[in-house]
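Letter by letter, the chains look like this.
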Amino acid sequence: MAENEVWVYSENKNVCLELLTAGKELSEKLNVPLASLVLGHGVKDVAEELSEHGPNKIYLIDHASLERFDSMSYAAAIETIVKQEKPKILLIGATKRGKELAGRLAARLNAGCMSECTEVDIGDDGSVIAKRAAYAGMAVATEKCKSTPAIVLLKPGRYEKAPSGGKGEIVELSLEIPEPSLKLIEFKPKEIKAVRVEEAEVVVLGGRGIKKREDFQMLEQLAEMLGGCVGCTRPIAADLGWYTEWVGLSGVAIKPKLYIGVGVSGAIQHVAGIKDSKVIVAINKDPEAPIFKSADYGIVGDLYEVIPELIKALKEVSKKEG
Amino acid sequence: MRVIACAKYAVDVSELRFDPSTGEPILAGAKMKLSDVDKRAIEEAIRLKEKHGGHVTVLTVGPESAKMGLREALAMGADEAYLLVDPLFEGVDTLVTSLVLKKAIEKLEGFDLIICGEATSDGYSSLVGPRLAGLLGIPQVAYVKRIVEVKDGSIVVERDLEDGYEVVEVKLPALLTVTREINEPRIPPLPAIMRASKKPMKMLSASELGIPSELLGQDGSAVQILEAKAPEIKRKGVIFEEMPADEAARKLVEALIREGVLGG
Ligand SMILES: Cc1cc2nc3c(=O)[nH]c(=O)nc-3n(C[C@H](O)[C@H](O)[C@H](O)COP(=O)(O)OP(=O)(O)OC[C@H]3O[C@@H](n4cnc5c(N)ncnc54)[C@H](O)[C@@H]3O)c2cc1C
């Protein structure tokens with residue numbers, strides 16, 4: 001039996017590599033093996049690849065019922081092996097699928113689950129401790145989980161990806177797994193942008209103050225001059241569909257050198273995702289907009305006048321510098 | 001169609017203040033309201049009833065003051081509401097909250113669909129819905145942004161995931177968690193608010209739900225919050241206002257040059 005092991009799981013391979021880094025720290029502190037779970041159908045190559053990034057073991061469950069991610073059948077599979085092997089900690093990537101899976105699994109195991117964690121550690125008493133954003137990102141909470149296993153949902157992008165090295169043993173398990181309970185009718189993929197907003201040094205971020213999709217071209221131009229990229233608030237992506245991802249509590253968190261919010265009101269859920277930026281600039285026509293309270297520099301004015309002037313002023317500077 | 005909506009009466013985070021000396025939230029007397037997305041769960045339940053007939057029950061685990069939120073739900077069009085209230089339900093984790101909801105649901109007359117919000121505005125864990133589905137042993141679909149079709153014995157929904165939109169069919173009874181984008185909740189007119197005061201609102205305690213006390217409170221919770229503090233954020237707050245746009249733009253560019261954030 002694998003009592004007390006540290007296990008990691010994410011349906012996303014890159015997130016799984018991050019979990020392996022966090023898991024390694026924990027397993028070394030506890031002096032127990034680190035294992036990664038791989039679930040799916042025809043995923044032996046994924047297991048092979050992950051086995052070369054630090055885990056002592058890979059538990060591979062390859063089953064036709066796991067062909068597509070389904071939180072019910074995936075939770076059932078993990079529930080079975082957790083009950084069998086009794087790990088101490090289960091780190092799961094806090095993607096949407098990961099959270100849906102972890103909640104259900106935690107209920108099936110009657111276990112505690114800490115969600116949206118940014119850091120995980122072992123306390124002096126051996127318990128699992130994690131930090132997470134609280135009150136829509138305004139505060140940082142430290143939580144402790146006393147159940148075994150302790151389930152920790154770790155936010156993507158917080159740990160480096162585990163480098164290659166070593167070779168973990170692949171343990172293939174065969175289990176009875178229920179058929180998926182969701183019938184897939186259609187999957188409409190979102191297009192993935194080439195430059196990822198969370199990696200950009202400068203982010204020009206548009207909100208509902210921008211009236212038309214075409215008007216984002218202005219921001220694209222500004223971003224290009226500054227060597228950065230464009231992001232947006234949740235309504236622009238989720239309601240209007242002009243971009244696929246948004247910045248904030250429920251979207252991605254960014255920490256660029258320079259953030260310029262244009263026509264963004266600065267709702268706390270949005271500010272939660274930008275507060276680690278080095279310099280925050282706000283452009284908004286409403287002097288009372290909350291974003292100004294979180295800003296280093298602000299211009300109160302109509303973005304349709306300010307942005308062209310800003311582009312002009314930047315051009316002048318670059319001309320002077322030659 | 002019998003629909004249950006679960007909603008939290010939560011701290012209104014946009015009004016929450018923190019003690020400047022300790023960084024801790026000032027929760028005593030903090031303004032509370034129905035959690036944003038949970039209100040949309042209630043709205044969606046009511047819309048289903050309006051379209052397909054049926055009955056809407058709203059459940060909340062919370063303090064006495066949560067009656068205000070339940071009244072709002074009744075005024076919006078829910079048929080009945082339950083406040084699950086007990087000192088042993090306070091300050092608990094998602095494990096206990098979902099257990100309390102499960103016990104209450106087992107006391108009801110049955111259901112076809114449970115709707116929760118994708119996450120609450122204060123806790124933001126996204127766990128209670130999937131936990132509840134897990135406890136009840138029914139299928140779940142999280143992050144639903146649109147109900148496509150209600151069929152006989154199943155429902156087709158579209159959900160919003162990081163990499164795409166997934167349209168799936170799930171057999172009933174099932175649990176959905178819905179996103180902020182699913183609808184715009186109605187503001188009930190005065191007559192509806194008046195009528196709501198006559199609709200049934202019941203309170204149930206731990207003993208009425210038959211839950212032993214060791215499964216509740218801090219003892220029953222697996223996750224404990226050790227501390228919650230707002231980090232001190234220092235921002236310069238230099239605002240250029242009441243000047244022409246070109247002047248403001250030039251001043252901003254000068255400031256950004258001084259900050260060393262312009263150019264590679
Ligand atoms: C659970 C939950 C999670 C959420 N997560 C996120 C998240 O991750 N990210 C996120 O962004 N939001 C999130 N939200 C939504 C958030 O609460 C706000 O609704 C949203 O951020 C507002 O977006 P906005 O600033 O673009 O729009 P608005 O709030 O509508 O603001 C538009 C601003 O533009 C200004 N404006 C208008 N015209 C002009 C003009 N011509 N020139 C200059 N200024 C102008 C207005 O003064 C206003 O301040 C979440 C909400 C909930 C409930």
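Residues numbered from 1 in each chain as written. Chains lettered and ligands numbered in written order. Predicted model: local features only at pLDDT ≥ 70, side-chain atom pairs only at ≥ 80, totals over all residues. Heavy atoms only, no water.

## Points about the site of the ligand
Inference 1: By nearness alone, 30 residues border the ligand, and A:Arg208, A:Thr233, A:Ser250, A:Ser265 and A:Asn284 come closest of all.
Inference 2: Mapping the residues near the ligand onto chains gives chains A and B.
Inference 3: A:Leu249 has a polar backbone atom sitting 3.0 Å from an oxygen atom of the ligand.
Inference 4: At 2.6 Å, a side-chain N or O of A:Ser250 approaches a nitrogen atom of the ligand.
Inference 5: For the ligand, the accessible surface in isolation is 990 Å², of which the surrounding protein chains cover 85%.
Inference 6: Those elements that place two or more of their residues in the shell around the ligand are helix 6 (234–239), helix 7 (268–271) and helix 8 (303–321) of chain A together with helix 1 (36–52) of chain B. (Near = heavy atom within 4 Å. Polar contact = N/O pair within 3.5 Å; in protein donor to acceptor, adjacent residues only side chain to side chain. Areas by Shrake-Rupley, 256 points an atom, 1.4 Å probe, with all protein chains shown as cover. Helix = DSSP H or I, 4+ residues; strand = E, 2+ residues; numbered from the N terminus.)

## Some remarks on the pairing of strand 4 (residues 55–61) of chain B
All names here are of chain B.
Inference 1: Burial within strand 4 is extensive, with 6 of its 7 residues counted as buried.
Inference 2: Judged from the 5 bridges that link them, strand 1 (residues 2–6) and strand 4 form a sheet pairing that is parallel. Residue pairing in the sheet places cysteine 6 in a bridge with leucine 59 of strand 4.
Inference 3: Note that strand 4 and strand 5 (residues 80–84) share 5 bridges and pair parallel. Paired with leucine 59 across the two strands is tyrosine 82, which belongs to strand 5. (Buried < 20%, exposed > 50% of the residue type's maximum accessible area, 1.4 Å probe, protein only. Pairing = 2+ DSSP bridges.)

## Regarding the nonpolar core
Soluble globular proteins tend to bury their nonpolar side chains together.
Inference 1: Ranked by size, the top nonpolar core spans 42 residues in total, and within it A:Phe216, A:Leu219 and A:Ile307 carry the most contacts.
Inference 2: Residue contributions to this core peak at 8 residues, all from helix 8 of chain A.
Inference 3: Ignoring anything within four residues of it in the chain, the contact list for A:Phe216 reads A:Gly206, A:Ile210, A:Val230, A:Gly231, A:Cys232, A:Ile236, A:Trp242 and A:Tyr243.
Inference 4: With 39 residues, the next largest nonpolar core counts B:Ala45, B:Leu74, B:Ile115 and B:Ala174 among its residues. (Core = buried A, V, L, I, M, F, W, Y, C linked by side-chain atoms within 4.5 Å. Contact = heavy atoms within 4.5 Å.)

## Considering the pattern of salt bridges
Once their charged atoms are close, side chains differing in charge can pair, the charge on each being opposite to the other.
Residues and elements named next belong to chain A.
Inference 1: The tally for this structure, following the rule as stated, stands at 45 salt bridges over all chains.
Inference 2: In this structure, lysine 29 engages aspartate 121 in a salt bridge whose closest nitrogen and oxygen atoms are separated by 2.6 Å. Placement of the pair is lysine 29 in helix 1 (residues 13–30) and aspartate 121 in strand 5 (residues 113–122), with a sequence separation of 92 residues.
Inference 3: Two residues, arginine 132 and glutamate 143, come together in a salt bridge whose shortest N-O distance is 3.8 Å. Here arginine 132, found in strand 6 (residues 128–134), pairs with glutamate 143, found in strand 7 (residues 139–145); they are 11 residues apart in sequence, far enough to count as distant. One exposure class covers both arginine 132 and glutamate 143, and it is buried. (Salt bridge = Lys/Arg side-chain N within 4 Å of Asp/Glu carboxyl O.)

## Some words on the interface of chain A and chain B
Inference 1: Between chain A and chain B, the contact holds 80 residues from the first and 80 residues from the second.
Inference 2: Across the chain A/chain B interface, buried area totals approximately 7,100 Å², and carbon plus sulfur atoms make up 58% of it.
Inference 3: Looking at the side of chain A facing chain B, the largest losses of area belong to A:Lys96, A:Tyr135 and A:Tyr297, adding up to 11% of the total buried there.
Inference 4: Scanning the region where chain A abuts chain B turns up 10 salt bridges.
Inference 5: Measuring nitrogen to oxygen at the nearest pair gives 3.2 Å for the salt bridge that ties A:Arg97 to B:Asp163.
Inference 6: At the surface where chain A touches chain B, the tally comes to 46 residue pairs in polar contact (both at pLDDT 80 or more).
Inference 7: Residue contributions to the side of chain A that touches chain B peak at 9 residues, all from helix 4 (residues 96–109) of chain A.
Inference 8: Along the lines of polarity and charge, the residues of the side of chain A that touches chain B split into 42 nonpolar, 14 polar and 24 charged.
Inference 9: Here 6 bridges tie strand 7 of chain A to strand 12 (residues 223–229) of chain B, and the two strands are oriented antiparallel to one another. Each bridged residue has a counterpart across the sheet, and for A:Glu143 the counterpart in strand 12 of chain B is B:Ile225. (Buried area = accessible area lost by both parts, 1.4 Å probe. Nonpolar A, V, L, I, M, F, W, Y, C, P; charged D, E, K, R; others polar.)

## Observations concerning the sheet that holds strand 14 (residues 279–284) of chain A
Inference 1: Across the sheet, which stays open at both edges, the 6 strands sit in the order 12(A)-11(A)-13(A)-14(A)-15(A)-13(B) with parallel pairing between neighbours. At either end of the open sheet lies a strand with only one pairing partner, and these are strand 12 (229–232) of chain A together with strand 13 (238–240) of chain B. Taken pair by pair, the neighbouring strands of this sheet meet at an average axis angle of 20 degrees, ignoring direction.
Inference 2: Across 4 bridges, strand 11 (residues 202–206) of chain A lies against strand 12 of chain A in parallel orientation. Counted as the bridge partner of A:Leu205 is A:Gly231 from strand 12 of chain A.
Inference 3: Sheet contacts for helix 5 (residues 216–225) of chain A: strand 11, strand 12 and strand 13 (258–262) of chain A; angle to strand 12 of chain A, the most-contacted strand, approximately 135 degrees. (Axes fitted to C-alpha atoms, helices over the stretch in contact; angles between N-to-C directions.)

## A short note on the domain arrangement of chain B
You'll often see interface size given as the accessible area lost when the parts meet.
Inference 1: Looking at chain B, the domain boundaries give domain 1 (2–220) and domain 2 (234–264).
Inference 2: For domain 1 of chain B and domain 2 of chain B, the distance between their C-alpha centroids amounts to 45 Å. (Domains from an automatic or database assignment.)

## Brief notes about the domain arrangement of chain A
Residues and elements named next belong to chain A.
Inference 1: Structurally, chain A comprises domain 1 (6–172) and domain 2 (202–321).
Inference 2: Put simply, the middle of domain 1 and the middle of domain 2, counted by C-alpha atoms, are 35 Å apart.
Inference 3: Summed over both sides, the interface between domain 1 and domain 2 buries roughly 570 Å², with carbon and sulfur atoms accounting for 56% of that surface.
Inference 4: Among the residues domain 1 hides against domain 2, the three largest losses belong to Ala136, Gly137 and Arg158. Together they make up 57% of the total.
Inference 5: Here domain 1 is connected to domain 2 by 0 salt bridges.
Inference 6: Counting across the domain 1 and domain 2 interface gives 0 residue pairs in polar contact (both at pLDDT 80 or more).
Inference 7: Here the residues of the side of domain 1 that touches domain 2 sort into 2 nonpolar, 1 polar and 4 charged.

## As for the environment of A:Leu310
Inference 1: Inspection of the secondary structure puts A:Leu310 in helix 8.
Inference 2: You can call A:Leu310 buried: its relative accessible area is 2%.
Inference 3: A:Leu310 sits 88 residues away from A:Leu222 along the chain, and the two C-alpha atoms are 8.1 Å apart.
Inference 4: Look past the residues within four positions of A:Leu310 in its chain and what remains in contact with it is A:Leu222, A:Ile283, B:Ala249, B:Leu252 and B:Val253.

## Thoughts on the side chain of B:Asp86
Residue and element names in this part refer to chain B.
Inference 1: Inspection of the secondary structure assignment puts aspartate 86 in the loop between strand 5 and helix 3 (94–107).
Inference 2: Among the polar contacts made by the side chain of aspartate 86, one reaches the main-chain amide nitrogen of leucine 88 at a distance of 3.0 Å.
Inference 3: A distance of 2.8 Å separates a polar side-chain atom of aspartate 86 from the backbone nitrogen of alanine 206.

## Remarks on helix 4 (residues 128–136) of chain B
Inference 1: Those residues of helix 4 of chain B that sit buried are B:Gly129, B:Pro130, B:Arg131, B:Leu132, B:Ala133 and B:Gly134.
Inference 2: In the stretch just after helix 4 of chain B, B:Gly137 is the one whose phi turns positive, near 70 degrees.

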